[in-house]
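Per-entry structural report
What follows is the residue order along each chain.
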Amino acid sequence: MARVFGSIAVLALALTVALAADHSPLQDFCVADLTGQVMVNGFACKNPSMVQANDFYYSGLHMMGNTSNALGSSVTPVFVFHLPGINTLGISLARLDFAPSGVIPPHTHPRATEILTVLEGQIEVGFVTSNPENRHISKVLNKGDVFVFPVNLVHYQRNVGNKYAVAIVALSSQNPGVIPIANAVFGSNPDISTDILAKAFQVSDDVISDMQFKF
């Protein structure tokens, strides 16, 4: 009985891990019908007879993003909205551009693990493990280096060199989602009550109000 229970537990764990990613496709492809009216977990399939090569094609990752903003960074995503051919395939890409000292602030991807490759420059990366450890794991990467951010953990990237930096990231979802921590906490609509945030961050209501005004 113990052996059978152990086998069932292992099978359940395996199924749980398998279901943690996007669902596997049931046919060769399912090009997203972005104009379809059917509401499903993802996008309905375009008629296969209407599929063209351009459904699997995207051009633009060779172009530098605009980093003239407060963060000094830019993200060029290639999600299912931009490349319908990845619908149901559980993958996506993005290009990250950084001005010197530019940063992509702490955020999470609720539906994807992320793997990053540095193309140019020197980038500090890091993520924080879950409670109770809250361990900060970070490293400075150079051209050709690769780093992975486990699914849904808070992570960030920062250009620590004196030149522009570029990275490509791959994600294990056609629509990984992004939750910038500061925006979610201080820029929610409607606002989270200032007294809740004041207690959470152990600061005054005035500090919270100022942060909410900025976001």
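Owing to the predicted nature of the structure, the values given are computational and were not obtained by experimental measurement.

What counts as what
Residues numbered from 1 in each chain as written. Predicted model: local features only at pLDDT ≥ 70, side-chain atom pairs only at ≥ 80, totals over all residues. Heavy atoms only, no water. Core = buried A, V, L, I, M, F, W, Y, C linked by side-chain atoms within 4.5 Å. Buried < 20%, exposed > 50% of the residue type's maximum accessible area, 1.4 Å probe, protein only. Helix = DSSP H or I, 4+ residues; strand = E, 2+ residues; numbered from the N terminus. Contact = heavy atoms within 4.5 Å. Salt bridge = Lys/Arg side-chain N within 4 Å of Asp/Glu carboxyl O. UniProt positions renumbered as here; feature names shortened; annotations may be inferred. Disulfide = S-S within 2.5 Å. Pairing = 2+ DSSP bridges.

Description of the nonpolar core
Counting residues in hydrophobic clusters, the biggest one holds 18 residues, and the most contacted among them are Leu96, Leu116, Ile123 and Val125. When contributions to this core are tallied by element, the ones reaching two or more residues are β2 (92-98), β4 (114-120), β5 (123-128), β7 (146-149) and β9 (165-171). Here this core takes four residues from β9, the largest share from any one element. Not counting residues up to four positions away in its chain, the partners in contact with leucine 96 are Ser74, Val75, Ile104, Leu116, Gln157, Ala165, Val166, Ala167 and Val169.

Description of the pattern of salt bridges
Opposite charge on two side chains allows them to pair when their charged atoms are near. If you walk through the whole model with that rule in mind, you get five salt bridges. The partner of aspartate 55 in a salt bridge is lysine 46, with the nearest N and O atoms 3.1 Å apart. Note on aspartate 55: relative accessible area 10%, which makes it buried. As a salt-bridge pair, lysine 143 and glutamate 120 come within 3.4 Å of each other at their nearest N and O atoms. Of this pair, lysine 143 sits in the loop between β6 (136-141) and β7 while glutamate 120 sits in strand β4; the two residues are 23 residues apart in sequence, bridging distant segments of the chain. With relative accessibility at 39%, the residue glutamate 120 sits in the partly exposed group.

Quick look at the UniProt feature "domain: Cupin type-1" (unreviewed entry) in the protein
UniProt feature "domain: Cupin type-1" (unreviewed entry): in the numbering of this structure it lies at residues 59-209. Along residues 59-209, the helical share is 13% and the strand share 38%, with 42 Å between the first and last C-alpha atoms.

Let's talk about the state of the cysteines
Summed over the entire model, instances satisfying the criterion amount to one disulfide. Paired through a disulfide, cysteine 30 and cysteine 45 show a sulfur-sulfur distance of 1.9 Å. Where cysteine 30 bonds to cysteine 45 through sulfur, the torsion about that S-S bond is close to -105 degrees, and the disulfide is left-handed. With cysteine 30 in the loop between α1 (2-18) and β1 (73-78) and cysteine 45 in the loop between α1 and β1, this pair connects stretches of sequence that are 15 residues apart. Residue classification places cysteine 45 among the partly exposed positions, given a relative accessible area of 41%.

What about the sheet that holds β6?
Where strands meet in a sheet, backbone hydrogen bonds hold them as pairs that are either parallel or antiparallel. Taken in spatial order, the five strands of this open sheet run β6-β5-β8-β3-β10, and their pairing is antiparallel. If you trace the sheet from one side to the other, it starts and ends with β6 and β10 (179-180), each paired once.

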